[in-house]
Amino acid sequence: MTALQNPFALLARLLMALLFLPAGISKIGGFAGTAGYIGSVGLPMPEVGAALAILVEVGASILLIIGLFTRPAALVLAVFTLVASFFFHAYWSMPAEAQMMQSLMFFKNVAVVGGLLAIAAFGAGAFSLDAKRGG
């Protein structure tokens, strides 16, 4: 399995980016809708929140793809995902008919946080700009 560590590290980074990059890009085109959704859960300054979400999702995804500042990028995405889960998938405060789907989404996000923490812990691997810079 040691021979697969670097290919798996690259694949993990790319798969995580596949989750966040399209979501961030779609928020750019649907900025007003994103801000409206953020506001609908009672968060303040929804336009700032939408801009921050775009910056985190797009920026950190690009860093994961190229493997630059991978550990901090993974940590930022992990915190972002965990915090967002509590606001947007708060299944415990929803009607019974919505709880199942939202609990699945919440715990899927918790698992994504776990994957991001593994990337943060073990780094980008040899197929990365971090490795080329000696970091």
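Refer to the structure presented above.
What comes next concerns the included structure.

What counts and how
- Numbering of residues begins from 1 in every chain and follows the order in which that chain's sequence is written.
- Whole-chain, interface and lining totals are the exception, using all residues; otherwise, since this is a predicted model, local features are given only for residues with pLDDT of at least 70 and side-chain atom pairs are given and counted only at 80 or more.
- Side-chain calculation: all heavy atoms of the structure are included, whereas hydrogens and water are not.
- Only DSSP runs of H or I reaching four residues or more are called helices, and only runs of E reaching two or more are called strands; each is numbered from the N terminus.
- Here's how the labels work: a residue is buried when its accessible area is under 20% of the maximum for its type, exposed when over 50%, partly exposed in between, all with a 1.4 Å probe on protein chains only.
- Whether two residues touch is decided by their heavy atoms; if any such pair falls within 4.5 Å, the residues are in contact.
- Method for areas: the Shrake-Rupley scheme with a 1.4 Å probe, in which residue coverage is limited to the protein chains shown.
- Within this scheme the basic residues Lys and Arg register as positive and the acidic residues Asp and Glu register as negative, but His and the chain ends are omitted.
- We put the charge of a Lys on NZ, of an Arg on CZ, of an Asp on CG and of a Glu on CD.
- In the analysis that follows, any N or O atom pair within 3.5 Å is treated as a polar contact, provided that within protein one partner can donate a hydrogen and the other can accept it, and provided that, for residues neighboring in sequence, both atoms belong to side chains.
- Picture the helix axis, draw a direction to every C-beta atom, and the arc is the one those directions span.
- Here a salt bridge means any side-chain nitrogen of Lys or Arg lying within 4 Å of a carboxyl oxygen belonging to Asp or Glu.
- Centre distance within 6.5 Å is the pairing criterion for rings of Phe, Tyr and Trp, where only the six-membered ring of Trp is used; planes under 30 degrees apart are then read as stacked, over 60 as edge-to-face, and the remainder as tilted.

Considerations on the overall build of the protein
- When you go through the protein residue by residue, the secondary structure sums to six helices and zero strands.
- Put simply, the protein runs from its N terminus to its C terminus through helices and strands in the order α-α-α-α-α-α.
- Taken along its principal axes, the extent of the C-alpha atoms in the protein is 50 × 30 × 20 Å.
- Of all 135 residues assigned to the protein, the portion counted as buried reaches 34%.
- Looking at the protein alone, contacts between residues at least 24 apart form 66% of all its contacts between residues at least 6 apart.
- Within the structure as shown, the protein displays about 7700 Å² of accessible surface, and the carbon and sulfur contribution to it stands at 77%.
- Here the protein holds 6 positive side-chain charges and 4 negative ones, and the gap between their average locations is 17 Å.

A word on the side chain of S61
- For S61, the position within the fold is in helix α3 (residues 46-66).
- A relative accessible area of 0% places S61 in the buried class.
- For S61, the side chain forms a polar contact with the main-chain oxygen of E57, separated by 2.5 Å.

Overview of helix α2 (residues 31-40)
- Residues of α2 that are buried: T34, A35 and I38. One side of α2 carries all its buried residues, which in axial view fall inside an arc of 95°. Facing away from the buried surface of α2 by more than 90 degrees, the exposed residues are A32, G33 and S40.
- Positive phi appears at G42, one or two residues downstream of α2, with a value of about 90°.

Brief notes about the pattern of salt bridges
- Counting across every chain of the model gives two salt bridges.
- Across the salt bridge formed by R133 and D130, the nearest N and O atoms sit 3.2 Å from each other. Remark: D130 and R133 occur in helix α6 (residues 129-133); sequence separation between them is three residues, near one turn of the helix.

Some remarks on the environment of A17
- Following the sequence through the fold, A17 ends up in helix α1 (residues 5-29).
- Judged by relative accessible area, A17 falls into the buried class, the value being 3%.
- Between the C-alpha atoms of A17 and G39, which are 22 residues apart in sequence, the distance is 26 Å.
- Residues within four places of A17 in sequence aside, it is in contact with P22, S61, L64 and I65.

Structural notes on the packing of aromatic side chains
- Scanning all chains against the criterion turns up eight aromatic pairs.
- Aromatic pair Y91 and W92: ring centres 5.0 Å apart, planes at 75°, arrangement edge-to-face.
- Judged by relative accessible area, W92 falls into the partly exposed class, the value being 44%.
- Taking the centre distance of 5.8 Å and the plane angle of 50° together, the rings of Y91 and F107 count as tilted. Of the two residues, Y91 sits in the loop between α4 (70-88) and α5 (96-122) while F107 sits in helix α5, which places them 16 residues apart along the sequence.

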